[in-house]
Amino acid sequence: MSIARQARFRLAALPTPLEELPRLREALGGARRAPRILIKRDDLTGLAFGGNKARKLEFLVADAQRAGATVLVTTGAVQSNHARMTAAAACKAGLRAVLVLSGKAAGPPQGNLLLDELLGAEVRLGEADAVPPVMEELRGRGERPYLIPIGGSSAVGALGYVLGTLELVTQLAERGETPSRLYYASGSRGTQAGLELGARLYSAPYRLHGIAVSGGEPEKTARAVRIASEAAALLGVEARLRPEDLLTDHGYIGEGYGIVTEGCREAIRMLAREEGILLDPVYTGKAMAGLLDHLRRGEIEPHETVVFLHTGGAPALFAYAGEIRTDPTG
Ligand SMILES: *Cc1c(COP(=O)(O)O)cnc(C)c1O
């Protein structure tokens with residue numbers, strides 16, 4: 001098994017901390033009602049405010065360098081964390097970044113969009129379908145563009161969470177922890193592919209529970225399975241992932257991607273006030289809303305230990321002030 005032999009460009013501060021959330025457990029009824037909850041702080045990877053994309057980009061940037069790229073091109077929503085971190089990764093690697101983003105910025109740039117600008121990326125707003133012409137245009141200018149798919153979710157990107165799983169499984173073993181579940185926010189599925197493949201390769205003790213932040217089944221699960229098997233091929237191992245083995249809960253999306261739900265608002269406030277940890281409005285707020293709901297419905301036993309993977313995203317809070325701050329006093 002050759003994850004250590006894969007080309008990697010260091011971007012993240014690793015290992016990220018693994019912490020316990022005792023005050024959250026207390027707030028949920030204490031040891032007699034709630035499980036122990038550990039949090040894997042991948043919001044603290046560094047790289048322009050951190051997040052799960054730092055792990056993926058370590059392998060993607062190395063691949064871009066191998067291909068002789070001069071510019072990283074990627075795509076996403078206007079508040080894409082992945083776009084912001086791609087811009088930062090390009091800076092560290094001495095490459096340019098072109099970000100093709102969907103949606104509109106209302107007023108002056110905020111959150112991730114402001115950071116994209118500060119990081120010197122070339123932002124093309126409202127051109128989400130325009131990736132092929134942008135690639136053509138760049139080639140015409142004599143650039144060698146390297147296209148990173150949305151969310152960095154390719155086989156190469158997924159290696160980030162194969163290695164991330166090795167890191168987590170090692171931390172758990174050192175502490176004698178055997179959590180039964182790992183909860184995480186699931187979007188473009190590269191994280192899921194890496195986590196599922198990693199869990200099998202390193203015999204993780206936990207079952208993965210993805211909380212979806214956007215629709216698109218069954219295609220998305222099929223995509224995760226495909227990415228995982230391509231990543232396994234890069235590593236020269238066999239991975240027998242079946243769609244029916246992958247667990248993704250679609251109950252916490254609300255009205256759609258990037259639209260804040262009441263449960264998300266509650267989860268953000270609760271983690272902030274009990275533990276001083278900031279979740280985000282698009283991904284981790286909804287994932288934590290899912291975990292809290294499963295717990296309150298009695299689906300998780302108090303004797304269990306659960307890991308929550310904090311995948312980052314807090315810079316988007318500033319672009320969502322109006323949606324999050326509905327009751328400033330409450
Ligand atoms: C991108 C992202 C995710 C989802 O990761 P995918 O690999 O796209 O499924 C989760 N949380 C945050 C904060 C993200 O930016």
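What this report covers is the structure whose coordinates are included nearby. All figures in this text were calculated on a predicted structure; none of them were measured in a lab. (Residues numbered from 1 in each chain as written. Predicted model: local features only at pLDDT ≥ 70, side-chain atom pairs only at ≥ 80, totals over all residues. Heavy atoms only, no water.)

Scanning the protein chain from N- to C-terminus turns up 11 helices and 10 strands. By the compact-globule yardstick of 20 Å for 330 residues, the protein chain fits well, its C-alpha radius of gyration being 19 Å. When the backbone C-alpha atoms are referred to their principal axes, the protein chain occupies close to 65 × 50 × 35 Å. Taking all 330 residues of the protein chain together, the buried fraction comes to 58%. Restricting the contact set of the protein chain to residue pairs at least 6 apart, pairs at least 24 apart contribute 80%. Summed over all atoms, the accessible surface of the protein chain reaches about 13800 Å², with 52% contributed by carbon and sulfur. Averaged over its 39 positive side-chain charges, the protein chain has a centre that lies 3 Å from the centre of its 38 negative ones. (Helix = DSSP H or I, 4+ residues; strand = E, 2+ residues; numbered from the N terminus. Rg over C-alpha atoms; globule rule 2.2 N^0.38 Å. Buried < 20%, exposed > 50% of the residue type's maximum accessible area, 1.4 Å probe, protein only. Contact = heavy atoms within 4.5 Å. Areas by Shrake-Rupley, 256 points an atom, 1.4 Å probe, with all protein chains shown as cover. Lys, Arg positive; Asp, Glu negative; His and termini not counted. Charge placed at Lys NZ, Arg CZ, Asp CG, Glu CD.)

Here the focus is the site of the ligand. Around the ligand sit 16 residues, and of these Lys 53, Lys 56, Ser 188, Thr 191 and Thr 311 come closest. Between the ligand and the protein, one listed contact pairs an oxygen atom with a side-chain N or O atom of Asn 52 at 3.1 Å. Relative to its unbound accessible surface of 380 Å², the ligand loses 98% to contact with the protein. When the residues that make up the shell around the ligand are grouped by side-chain class, the tally is 2 nonpolar, 11 polar and 3 charged. (Near = heavy atom within 4 Å. Polar contact = N/O pair within 3.5 Å; in protein donor to acceptor, adjacent residues only side chain to side chain. Nonpolar A, V, L, I, M, F, W, Y, C, P; charged D, E, K, R; others polar.)

The next subject is the pattern of salt bridges. Within the structure shown, the criterion is met by 26 salt bridges. The residue Arg 23 makes a salt bridge to Glu 274 at a minimum N-O spacing of 3.4 Å. Here Arg 23, found in helix α1 (residues 22–27), pairs with Glu 274, found in helix α9 (residues 262–275); they are 251 residues apart in sequence, far enough to count as distant. Each of the salt bridges in this network shares a partner with another, and the network as a whole consists of Lys 40, Asp 42, Arg 55 and Glu 167. (Salt bridge = Lys/Arg side-chain N within 4 Å of Asp/Glu carboxyl O.)

Now for the nonpolar core. Counting 61 residues, the largest nonpolar core has Ile 3, Leu 47, Leu 57, Leu 72, Leu 182 and Tyr 206 as the members making the most contacts within it. Per element, the largest residue contribution to this core is 10 residues, and it comes from helix α6 (residues 155–174). Of all hydrophobic cores here, the second largest spans 35 residues; its members include Val 213, Val 282, Ala 314 and Ala 316. (Core = buried A, V, L, I, M, F, W, Y, C linked by side-chain atoms within 4.5 Å.)

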